[in-house]
Amino acid sequence: MAEKHSHDVIPLREATKAWFAISLQTFGGPAGQIAVMQRTLVDEKRWIGQQRFLFALSYCTLLPGPEAQQLATYVGWLLNGVKGALIAGILFILPGVVALLALSGIYVAFGDTTLVESLFLGLAPAVIAIVIQAVIRVAKKGLGHPALIGLAVASFVALAFFAVPFPVVVGFAALIGWALGKAIPNLTKPKKVEADDGPAPLISDDALHTERPSGRRATSILVIGLVLWFTPVAIAALVLGRSSIFVDQGLFFSGAAVVTFGGAYAVLAYVAQQAVNVYGWLASGEMVRGLALAETTPGPLIMVVQFVAFVGAYRAPGDLNPWVAALIASLLVTWVTFVPCFLFILLGAPYVERLRGNRTLATALTGITAAVVGVIASLAVFFALHTLFDDTDRVTAGPLNFEVPVLDSIQWAALAVTALGCALIFWRGWSVLRTLGVCALAGVVLGLGQAVV
């Protein structure tokens, strides 16, 4: 029988209160979310040591999905086993689900009013500056070799000019990363980081929850996880038909959930391309509006998929009431997006040491990380085209397939707010939320001014 520590090292009620408090502070993207957990769990409560916290974070960065939410799930598992993992992971996303659900409803009900349009006039251009910042941050972290820079550029060109599907880019990047790892032994050598061990934890590493990996345990978790993951989609197919929008969204976002390496910005390029151009769930400019809303709510940025599902189902509800369809789609897509996160953590946690020492996996993920820079850059271009210009033309010539702006349709107000957002983030060093607030105010002033004129 597998040995394990199954007792709660922290009373479950006390841990639940801490996770709820953390969930209300998860603004600012993964960096801010990880900082909140660092301050609460390592510095203040001292439930886990600094090095063990960083070890868990390193593991979560190897996985597809939002690393901060998975880190919460993993630490919850260390403190209270499976119950702790579920409580920590669910509470981490719950405030964002509720907030974005409300904002999505407000958008479809009042999105055409002058005030709401003015708010998005400020929010949408600010997102361009935020995505550019993400490109720079990921590039600094992941492009430590000229070969990786070349891979990032190639990924951008493939996506932006040849319309290569995102999963294909990720797959080839993994293969190229593996090949580069064979040719360049130091490709994945981590940079030396000077950091102290932080305050001594109240709980020793040996007392934290652990389980010895076993085939029986892994099979049980995998079967239960897959059943939970796809049961709602199967029910939607049986009740509403296999061609319903709920089945399309459930299957599409289930696939997206397993290719979200590099954070939400990476997969959003793929989601935007498919949701707008293939499925028609959104208009081209609405993806950036959804991202702006997601930036203002707590929780992982990938919650923007909830907005996509809500708006798409509201406009194509089938035989259902539009509001009922939108609610069902929103919750269904949230479910299929985050159930895999719990599955990855609960299934892989006992194998962490083996995964971290696997050089083949490390080199493949290095290639994916490099490709992610190009992916996010293509996302910035997509948002800029559809935010700064009213019209675009598509160029198709042989394998080439890309959009170009119609220069006469430029939106000068949006360009001005984009410049303001870039200045606040890169020159003044302001936070995302603070920048969004100022840009939203600028949008209101410009929008209402245009309406008066």
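Novice: Mind showing me how you'd approach the overall build of the protein here?
Specialist: From N to C terminus, the protein includes 17 helices and four strands. For the protein, with 453 residues in total, the buried portion stands at 51%. Summarising the internal contacts of the protein: among those between residues at least 6 apart in sequence, 75% fall at separations of at least 24. Of the roughly 20400 Å² of accessible surface on the protein, a fraction of 65% belongs to carbon and sulfur atoms.

Novice: Is there a simple way to explain the packing of aromatic side chains in this structure?
Specialist: Each pair of aromatic rings is reported with the distance of its centres and the angle of its planes. If you walk through the whole model with that rule in mind, you get 12 aromatic pairs. Taking 6.1 Å as the distance between ring centres and 20° as the angle between the ring planes, the aromatic pair formed by Tyr-74 and Trp-77 counts as stacked. Taken as a pair, Tyr-74 and Trp-77 lie in helix H4 (residues 67–110) at a separation of three residues, close to a single helical turn. Of the two residues, Tyr-74 and Trp-77, neither departs from the other in class, the shared state being buried. Across from the ring centre of Trp-427, 5.4 Å away, lies the NZ or CZ of Arg-428, which sits over that ring. The ring of Trp-430 has Arg-434 lying over it, and the distance from NZ or CZ to the ring centre is 3.8 Å.

Novice: Explain a nonpolar patch on the surface to me, please; I cannot follow it from the model alone.
Specialist: Where nonpolar side chains cluster on the molecular surface, the patch consists of Val-82, Leu-86, Ile-90, Leu-94 and Val-98 and spans about 390 Å² of accessible area. Along the chain, Leu-94 turns up in helix H4.

Novice: How do you make sense of the packing of helix H9 (residues 245–257) against helix H13 (residues 322–348) when you look at a structure like this?
Specialist: Packed helices, taken two at a time, are described by the angle between their axes plus the distance between the axes. Here H9 crosses H13 at 25°, and the two axes come no closer than 8 Å. Judged on the interaxial angle alone, H13 and H9 are roughly parallel. Remark: the crossing between H9 and H13 carries right-handed chirality. Residue-level inspection shows Phe-246, Gln-249, Gly-250, Phe-253, Ser-254 and Ala-257 of H9 in contact with H13, the latter providing Ala-325, Ile-328, Ala-329, Leu-332, Val-333, Val-336, Thr-337 and Pro-340. In terms of residue class, the contact of H9 with H13 is built from 10 nonpolar, four polar and no charged.

Novice: So what exactly am I meant to see when it comes to the pattern of salt bridges here?
Specialist: Evaluation of the coordinates by the stated rule reveals three salt bridges. Across the pair Glu-286 and Arg-315 runs a salt bridge, and its minimum N-O distance is 2.6 Å. In this pair, Glu-286 sits in helix H11 (residues 286–295) while Arg-315 sits in helix H12 (residues 304–315), placing the two residues 29 residues apart along the sequence. The class for Glu-286 is buried, based on a relative accessible area of 7%. Between Glu-403 and Arg-394 there is a salt bridge, and its shortest N-O distance comes to 3.7 Å.

Novice: Would you mind showing me how to read empty space enclosed by the protein here?
Specialist: The tally for this structure, following the rule as stated, stands at two cavities of 30 Å³ or more. Of the voids in this model, the second largest cavity is the one considered here, and its volume is about 50 Å³. In this structure, the second largest cavity is lined by Phe-253, Ala-256, Ala-257, Thr-260, Val-267, Val-271, Ile-302, Val-305 and Thr-337. Taken together, the residues that form the lining of the second largest cavity break down as seven nonpolar, two polar and no charged.

Novice: Explain the environment of Gln-249 to me, please; I cannot follow it from the model alone.
Specialist: On the secondary structure map, Gln-249 appears in helix H9. The buried category is assigned to Gln-249, whose relative accessible area is 0%. Along the backbone, Gln-249 and Trp-281 are 32 residues apart, and their C-alpha atoms lie at a distance of 9.6 Å. Looking at Gln-249, its side chain comes within polar contact range of the main-chain oxygen of Ala-309, at 3.5 Å.

Novice: Honestly, the confidence of the model for the protein in this entry has me stumped. Any pointers?
Specialist: Caution is warranted with low-pLDDT regions, since their predicted coordinates should not be read in detail. The predicted model of the protein averages 83 in pLDDT, with 89% of residues at 70 or higher. Looking at the elements of the protein, mean pLDDT is at its lowest for strand S1 (residues 4–5), recorded as 50, and at its highest for H13, recorded as 94. Across residues 190–196 the pLDDT falls below 50, and counting only partners more than four positions away or on other chains, this stretch makes three contacts in the model.

Novice: I'm lost on the packing of helix H8 (residues 215–240) against H13 in this one. Help?
Specialist: Viewed as axis vectors pointing N to C, H8 and H13 meet at an angle of 175°, and their least axial separation amounts to 9 Å. Comparing the axis directions of H8 and H13 gives the class roughly antiparallel. The residues of H13 that touch H8, namely those facing Arg-217, Ala-218, Ile-221, Leu-222, Gly-225, Leu-226, Leu-228, Trp-229, Pro-232 and Val-233, are Leu-332, Trp-335, Val-336, Val-339, Pro-340, Leu-343, Leu-346 and Leu-347. Of the residues belonging to the contact of H8 with H13, the class tally is 16 nonpolar, one polar and one charged.

Novice: Looking at this model, I keep getting lost on the environment of Gly-285. Mind explaining?
Specialist: Residue position: Gly-285 is located in the loop between helix H10 (264–278) and H11. Sequence separation between Gly-285 and Ala-272 is 13 residues; the distance between their C-alpha atoms is 9.8 Å.

Novice: When you look at the side chain of Thr-73 in this model, what are you seeing that I'm missing?
Specialist: Note on placement: Thr-73 falls in helix H4. A relative accessible area of 0% means that Thr-73 is categorised as buried. Reaching out from Thr-73, the side chain makes a polar contact with the backbone oxygen of Gln-69 at a distance of 2.9 Å. Those residues within four positions of Thr-73 in sequence are excluded, and the remaining contacts are Ala-85, Ala-88, Gly-89, Phe-342 and Ile-345.

Novice: Honestly, H9 in this entry has me stumped. Any pointers?
Specialist: Its 13 residues place the ends of H9 18 Å apart at the C-alpha level, agreeing with the 18 Å of an ideal helix rising 1.5 Å per residue. The element H9 is extensively covered by neighbouring structure, given that 10 of its 13 residues are classed as buried. Regarding H9, the residues found buried are Ile-245, Phe-246, Val-247, Gln-249, Gly-250, Phe-252, Phe-253, Ser-254, Ala-256 and Ala-257.

Novice: Quick question: what am I supposed to make of the pairing of strand S4 (residues 400–405) here?
Specialist: On a regular strand, each side chain points to the face opposite its neighbour's, so the side chains alternate between the two faces of the sheet. Across six bridges, the pairing between strand S3 (residues 392–397) and S4 is antiparallel. Within S4, the residue paired with Arg-394 across the bridge is Glu-403. Between S3 and S4, which pair antiparallel in sequence order, lie two residues; one of them, Gly-398, sits at a positive phi of approximately 65°.

Rules used in this analysis
Here the residue numbering is sequential within each chain, running from 1 through the sequence in written order. Only residues with pLDDT of at least 70 are given local features in this predicted model, and only at 80 or more are side-chain atom pairs given and counted; all residues enter the totals for whole chains, interfaces and linings. Excluding hydrogens and water, the side-chain figures rest on all heavy atoms present in the structure. Numbering goes from the N terminus for both helices and strands, where a helix is a DSSP run of H or I of at least four residues and a strand is a run of E of at least two. Think of it in three bands: with a 1.4 Å probe and only protein chains considered, a residue is buried below 20% of the maximum accessible area for its type, exposed above 50%, and partly exposed in between. Residues are treated as being in contact if the distance between any of their heavy atoms lies within 4.5 Å. In short, Shrake-Rupley with a 1.4 Å probe defines the accessible areas, and a residue's cover is counted only from the protein chains shown. Geometry of aromatic contacts follows a simple scheme: Phe, Tyr and Trp rings, the Trp one being its six-membered ring, pair when their centres are within 6.5 Å, and the pair is stacked under 30 degrees between planes, edge-to-face over 60, tilted otherwise. Note on geometry: a ring has a charge over it if NZ (lysine) or CZ (arginine) is within 6 Å of the ring centre and within 35 degrees of the ring normal. Here the term patch refers to residues with relative accessible area over 30% and no salt bridge, with like charges joined within 9 Å and nonpolar side chains (Val, Leu, Ile, Met, Phe, Trp, Tyr) within 5 Å. Note on definitions: salt bridges are taken to be side-chain nitrogens of Lys or Arg within 4 Å of carboxyl oxygens of Asp or Glu. All axes are obtained by fitting lines to C-alpha atoms, using only the stretch in contact for helices, and the reported angles, taken between N-to-C directions, cover 0 to 180 degrees. Roughly parallel means an angle under 35 degrees; roughly antiparallel means over 145; roughly perpendicular covers 65 to 115; every other angle is labelled oblique. It is the rotation of the near helix from the far one that decides the hand of a crossing: anticlockwise by less than a right angle makes it left-handed, clockwise makes it right-handed. Residues are grouped as follows: Ala, Val, Leu, Ile, Met, Phe, Trp, Tyr, Cys and Pro are nonpolar; Asp, Glu, Lys and Arg are charged; all remaining types, including Gly, are polar. A 1.4 Å probe that fits but cannot get out identifies a cavity on a 1 Å grid over protein atoms alone, an open set with protein on both sides within 12 Å along at least five of seven lines counts as a pocket, and a residue lines either if it has an atom within 4 Å of a point. Grid points are joined across faces, edges and corners, and a volume is the space filled by probe spheres set on the points. By the criterion applied in these results, polar contacts are pairs of N or O atoms within 3.5 Å in which, for protein atoms, one can donate a hydrogen and the other can accept it, and in which residues neighboring in sequence qualify only through two side-chain atoms. For every residue, the pLDDT score states the predictor's confidence, bounded by 0 at the bottom and 100 at the top. Here, expected helix span is obtained from the residue count minus one, scaled by 1.5 Å. Paired strands are those between which DSSP finds at least two bridges.

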